[in-house]
Amino acid sequence: MTASVASADSVARGSTAFHRGDYVRAARELAPAAERGNPRALGMLGFLYEHGFGVPQAYAAAADCYYRGAVQGDPFAQAQLGLMYDKGHGVPTDFVLAYKWLNLAAARSNGRQRDVYLRFRDAVASKLSTYEIIAGQRFALEWAPDRPAPDVHLTVK
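Residues numbered from 1 in each chain as written. Predicted model: local features only at pLDDT ≥ 70, side-chain atom pairs only at ≥ 80, totals over all residues. Heavy atoms only, no water.

This next bit is on the overall build of the protein. A count of helices and strands for the protein gives 8 helices and 0 strands. If you list the helices and strands of the protein from N to C, you get α-α-α-α-α-α-α-α. Counting only residues that meet the buried cut, the protein has 44% of its 157 residues in that class. Residue pairs at least 24 apart in sequence account for 54% of intrachain contacts in the protein once pairs closer than 6 positions are excluded. Of the accessible surface of the protein, which amounts to about 8,400 Å², a share of 55% is contributed by carbon and sulfur atoms. (Helix = DSSP H or I, 4+ residues; strand = E, 2+ residues; numbered from the N terminus. Buried < 20%, exposed > 50% of the residue type's maximum accessible area, 1.4 Å probe, protein only. Contact = heavy atoms within 4.5 Å. Areas by Shrake-Rupley, 256 points an atom, 1.4 Å probe, with all protein chains shown as cover.)

This is how it looks when you write it as structure tokens:
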């Protein structure tokens, strides 16, 4: 079995545990995939760190996980990173960056999730001047996902 298949299985098991509320198991399952850079695992693990579910609460670790998932284009990680910038948890408060990440999350989502991210983005926009909104939009437009190079050395037997 290749590392990516093992990672996908680990993320699926972690996601199931996460949604069941078994946060200790979720953290245990998600951590290896997150260490390998899986964006979905990074987003969920970041959430666990942000809220102290199954792991010690650590805003800096949460922000790091969210950032690493966000730059790969994961909408959940992008939205959560945007909210971290809005609150100043684990990162300096920066409403323009909050707007950028929430705008990207909304653009990469659909349905209810998109509506939620748009509401969050608009709430942040209410704290910004017109020029700051334009800057946040420009940052979002200029952004491109950063895909990490696959690690060809990782295999699971």
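This next bit is on the nonpolar core. Among the nonpolar cores identified, the biggest contains 43 residues, and Leu-48 and Trp-101 are the most heavily contacted of them. Broken down by secondary-structure element, the contributors of at least two residues to this core are helix H1 (3-20), helix H2 (23-35), helix H3 (39-51), helix H4 (59-70), helix H5 (75-87), helix H6 (95-107) and helix H7 (111-125). Among the elements that line this core, the one with the most residues is H6, at 8 residues. Discounting residues that sit within four places of it in the chain, Trp-101 has contacts with Tyr-67, Ala-70, Val-71, Gln-78, Ala-79, Leu-81, Gly-82, Tyr-85 and Trp-143. (Core = buried A, V, L, I, M, F, W, Y, C linked by side-chain atoms within 4.5 Å.)

Further remarks concern the pattern of salt bridges. Enumeration according to the criterion identifies 7 salt bridges in this entry. Here Arg-13 ties to Glu-29 by a salt bridge, and the two come within 3.0 Å at their closest N and O atoms. Pair noted here: Arg-13 is in helix H1 and Glu-29 is in helix H2, with a separation of 16 residues, a long-range link. Residue Glu-29 is classed as buried on the basis of its relative accessible area of 12%. Close ionic contact of Arg-20 with Asp-22 constitutes a salt bridge, the shortest N to O distance being 3.8 Å. Linked through salt bridges whose partners overlap, the residues forming this network are Arg-13, Arg-25 and Glu-29. (Salt bridge = Lys/Arg side-chain N within 4 Å of Asp/Glu carboxyl O.)

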